[in-house]
Amino acid sequence: MAEAALFDTFARAPLRFERGEGVWLVTESGERYLDFGSGVAVNSLGHGHPHLVGALKAQADKVWHTSNIFEQPGQETLSRRLADNSFADKVFFTNSGAEALECAIKTARRYQFVKGHPERFHIITFEGAFHGRTLATIAAGGQAKYLEGFGPKVQGFDQVPFGDMDALKAAITDATAAILIEPIQGEGGVRPVPKEFLQALRQVCDDNGLLLIFDEVQTGVGRSGRLFAYEWAGVAPDIMALAKGIGGGFPLGACLATADAASGMTAGTHGTTYGGNPLATAVGNAVLDVILGEGFLENVRDVALVLRQGLASLKDRFPNVIEDIRGEGLLLGVKAKVPAGDLVAALRGEYMLAIPAGDNVVRLLPPLTVTAEEAREGLARIERAAEKLSASEMKKSA
Ligand SMILES: *Cc1c(COP(=O)(O)O)cnc(C)c1O
């Protein structure tokens, strides 16, 4: 094995996966892990889904890349389907979530610019947010640990405490362009925003000529049990960022907008080399074939309920390990009493993958194709992990 020559930016777990099948990932040495992380909400249809594999292979035999200089049939189809199934009229494709957010931010600023308000370029965001790792999106997320040492913070992002409507209203000035929020904070610890708050944000935006931007990079494309999490609140944004689940593992993101919100994004104002290339959109279209299929989202909600109820009873049985269960659909957070990292490690000991998040939360993000039986298998593993952690907690306090 060659010695790696990688940046040290990731503290990687010592697991080497060679292949995957559905909710299972198999290491080089043949150990099978139950994957309730889905590559952080990316493998929406699990591993090796035959429809996705078929779509990618078929496209690979035709054409991989032509550049956005030329017409893109795959983008045309995928944009139409996203628009028909959302609030949006227009779509710009990217390779990642951060780029989808960059496009959303630029779209909001350009909107104000072409409406005669170039001074309106500030965007209000919320504490605990995560919007990506580019210079603008770390400024939007506002987390000191991601900003430190990277020079002056990009201007124009004003942050207010999570769920604080008074602070939000006080932060609006003549320079405000938009409000940016995740309907459920993912990295921040699976913190759902109350639907009344999202409804109030819509009103505040309408009253003040601001655009409402939803970051649904993690919550979108079925993860919440609806195609988009905003549907639960009955509140549509003007602009929305997607990525993660839309590509099912192939790098793909999208920025969706109403025709009015996108009115400043005229020819030449924005671009990308790879964004929405034929391979990516072939997979994106295949993901939608499945997720928009009859009964698919209903099944996501049914299996989510099995998981949720099982987790609630584990919380009752192991109050010294599990403090709370939260989230929506198959974006579930277990707020731990023990350090979240200990719970993730204990689950790994049971050959199960889960993802840590802020606020001492462990995220459970199984593929949306997970069956009720697989959900129960996951619950059994969480139970064994909780039993062990609970026993060692009791030993500590004895
Ligand atoms: C993951 C994530 C991003 C960033 O996506 P990348 O593809 O890593 O750039 C942005 N916003 C949210 C809510 C995310 O979960």
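Residues numbered from 1 in each chain as written. Predicted model: local features only at pLDDT ≥ 70, side-chain atom pairs only at ≥ 80, totals over all residues. Heavy atoms only, no water.

Remarks on the environment of Gly37
- One can find Gly37 in the loop between β3 (32-35) and α1 (38-41).
- On the basis of relative accessibility, which here comes to 2%, the residue Gly37 falls in the buried class.
- In this structure the C-alpha to C-alpha distance between Gly37 and Leu365, which are 328 residues apart in sequence, comes to 4.8 Å.
- Not counting residues within four places of it along the chain, the set of residues in contact with Gly37 comprises Leu353, Ile355 and Leu365. (Helix = DSSP H or I, 4+ residues; strand = E, 2+ residues; numbered from the N terminus. Buried < 20%, exposed > 50% of the residue type's maximum accessible area, 1.4 Å probe, protein only. Contact = heavy atoms within 4.5 Å.)

Section: helix α3 (residues 73-84)
- For α3, built from 12 residues, the straight-helix expectation of 16 Å at 1.5 Å per residue is met to within 8% by its first-to-last C-alpha distance of 17 Å.
- Looking at the buried residues of α3, the elements they touch are β4 (90-94), β11 (239-242), β12 (253-257) and α10 (278-291). (Expected span 1.5 Å × (residues − 1).)

Brief notes about the domain arrangement of the chain
- Domain annotation of the chain identifies domain 1 (17-42 + 295-397) and domain 2 (51-291).
- A straight line from the C-alpha centre of domain 1 to that of domain 2 covers 28 Å.
- Residue-level contacts link 25 residues of domain 1 with 24 residues of domain 2.
- In terms of surface lost to domain 2, no three residues of domain 1 exceed Val42, Glu328 and Leu331, which account for 29% of the buried area on that side.
- Our enumeration of links across domain 1 and domain 2 arrives at 1 salt bridge.
- The closest approach of N and O atoms between Arg363 and Glu187, which form a salt bridge, is 2.9 Å.
- Where domain 1 meets domain 2, there are 10 residue pairs in polar contact (both at pLDDT 80 or more).
- Where the side of domain 1 that touches domain 2 is concerned, the elements lending two or more residues are α1, α11 (296-317), β13 (322-328), β14 (331-336) and β17 (361-364).
- Its residues assigned to classes, the side of domain 1 that touches domain 2 comprises 15 nonpolar, 5 polar and 5 charged. (Domains from an automatic or database assignment. Buried area = accessible area lost by both parts, 1.4 Å probe. Salt bridge = Lys/Arg side-chain N within 4 Å of Asp/Glu carboxyl O. Polar contact = N/O pair within 3.5 Å; in protein donor to acceptor, adjacent residues only side chain to side chain. Nonpolar A, V, L, I, M, F, W, Y, C, P; charged D, E, K, R; others polar.)

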